[in-house]
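# An overview of the molecular structure
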Amino acid sequence: MSNRRGRKQDVRAAFDRAQGAVVQGVDVAQRGASAAAERIGPAARQTREVTADRLLAARAWSAPRLERASKYVDSDLGPKVSAVLADTAKRVEPADPKRGRVRRVMFVGLAVAAFAGVVGAVRTRRAQTAMFDESTTEPEPVAGSPSSADGARASS
């Protein structure tokens, strides 16, 4: 049993030494990090300020160039691209099928039928007017007939 206790004590002592070494290493690392932060802190702030200034200068330099590029695209490049696209669309579009003859024949037939209808309506109207004119006109009375005396009195 004593051998067992001895091993436990040895293991415990080794663990305590290792734990102490870890604590000591953490302290050293913290001190080193603090020293590095103190040395690097001002350089980091200066770098941040310089970077902000250069970024602002880059934005000021690029803004007019972007504006010029947008005007070029709008006034020069846009119409050219539009023309190329329109030309390509005309080339790609399939040809219209040949339906022109059928339509022409149909329209000519429709025009002939309409003309025939108008001619027929005019002839019918003339025939009705001529018939109406013949039925409404009375013959002139002959002189010396009994109806001519009535006509003479009525006109006076």
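Residues numbered from 1 in each chain as written. Predicted model: local features only at pLDDT ≥ 70, side-chain atom pairs only at ≥ 80, totals over all residues. Heavy atoms only, no water.

## Structural notes on the overall build of the protein chain
Put simply, the test is: Every helix listed is a DSSP run of H or I at least four residues long, and every strand listed is a run of E at least two residues long, numbered separately from the N terminus. Three exposure classes are used, based on accessible area relative to the maximum for each residue type with a 1.4 Å probe and protein chains only: buried under 20%, partly exposed in between, and exposed over 50%. To be clear on the numbers: accessible area is Shrake-Rupley with a 1.4 Å probe, and residue cover counts the displayed protein chains and nothing else.
In terms of regular secondary structure, the protein chain is built from three helices and zero strands. Overall, the protein chain shows an N-to-C arrangement of helices and strands of α-α-α. Scored against the burial criterion, the 156 residues of the protein chain give a buried share of 1%. Of the roughly 14,600 Å² of accessible surface on the protein chain, 61% is carried by carbon and sulfur atoms.

## Some thoughts on the environment of Val73
Under the convention used in this document: For this analysis, residues touch if any pair of their heavy atoms sits within 4.5 Å.
Its location among the elements puts Val73 in helix α1 (residues 2-92). Exposure remark for Val73: the relative accessible area of 43% places this residue in the partly exposed category. Discounting chain neighbours no more than four positions away, the residues touching Val73 are Gly78 and Pro79.

## Focus: a nonpolar patch on the surface
We apply this condition: The patches described consist of residues with a relative accessible area above 30% and no salt bridge, like charges being joined within 9 Å and nonpolar side chains (Val, Leu, Ile, Met, Phe, Trp, Tyr) within 5 Å. Salt bridges are counted wherever a side-chain nitrogen of Lys or Arg sits within 4 Å of a carboxyl oxygen of Asp or Glu.
Taken together, Tyr72, Val73, Leu77, Val81 and Leu85 make up a surface patch of nonpolar side chains, about 430 Å² in accessible area. Within the secondary structure, Tyr72 sits in helix α1. Note on Tyr72: relative accessible area 40%, which makes it partly exposed.

## Quick notes on the confidence of the model for the protein chain
For clarity, the threshold we go by: Each residue carries a pLDDT score, the predictor's confidence in it, ranging from 0 to 100.
On average, residues of the protein chain score 82 in pLDDT, and 79% of them are at 70 or above. Taken element by element, the protein chain is modelled with least confidence in helix α3 (residues 146-155), mean pLDDT 51, and with most confidence in α1, mean pLDDT 88.

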